[in-house]
Every structure is written in structure tokens, then in C-alpha cells.
Amino acid sequence: MLNWWALAKRDLVSAENSFNSKDYYISAFICQQAVEKALKALFILEKKEVQPTSHSLLFLARATSFPKKFFDFIRELTPAFIN
């Protein structure tokens, strides 16, 4: 099974590297990927189930104990994956 938390942390480093090299579009995309992977890790930890197949940050956040105060951020970040 994939270690979603380790992958999320690695993606965050890659996003920061992309940001520092002014590759902002890819930095935003990789940030979205890091959040998705971290939410999948939280889902598995809390639900004790296999990984969800959804890529929706909102679905994953709602299915976990993800703090509601960050839902606006999730909504802003979602288009980075789509565009």
C-alpha cells in the first residue's frame, strides 16, 4: 500500500522548489496533489479503510476530521488540479 503521508510531504518539497524557481502554475498543481495525498492518508487513518478513489478535496475533507476553517482554502486550491 502507498504511504500517502510520505508522498504528500515529498510533494510539498517539490511544490516549494517549483515556487522558488517561479514555476507558479506547477507549484499550485503540486500543492493540490500534496493536500489530496495528505487527506487520503487521514481518511485511511480514521476510517481504517482502503484508500478512496475520489480526487475531490472537498469529498475527502468532509469524510475526515479535516478542520472546517480550511474548507475555503480547499475550494480555492481545487481548480489547480482541474486547469
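Our subject is the structure listed above.
Residues numbered from 1 in each chain as written. Predicted model: local features only at pLDDT ≥ 70, side-chain atom pairs only at ≥ 80, totals over all residues. Heavy atoms only, no water.

**Student:** How do you make sense of the side chain of Asp11 when you look at a structure like this?
**Tutor:** Within the fold, Asp11 resides in helix H1 (residues 4-20). In contact with Asp11, other than residues within four places in its own chain, are Ile30, Gln33, Ala34 and Lys37. (Helix = DSSP H or I, 4+ residues; strand = E, 2+ residues; numbered from the N terminus. Contact = heavy atoms within 4.5 Å.)

**Student:** What am I meant to see in the nonpolar core here?
**Tutor:** Soluble globular proteins tend to pack their nonpolar side chains together in the buried interior. Within the largest apolar cluster, ten residues are counted, these being Val35, Leu39, Leu57, Leu58, Leu60, Ala61, Phe66, Phe71, Ile74 and Leu77. When contributions to this core are tallied by element, the ones reaching two or more residues are helix H2 (24-47), helix H3 (57-62) and helix H4 (71-77). If you tally residues by element for this core, the top one is H3, at four residues. Ignoring anything within four residues of it in the chain, the contact list for Ile74 reads Val35, Leu39, Leu57, Leu58 and Phe66. (Core = buried A, V, L, I, M, F, W, Y, C linked by side-chain atoms within 4.5 Å. Buried < 20%, exposed > 50% of the residue type's maximum accessible area, 1.4 Å probe, protein only.)

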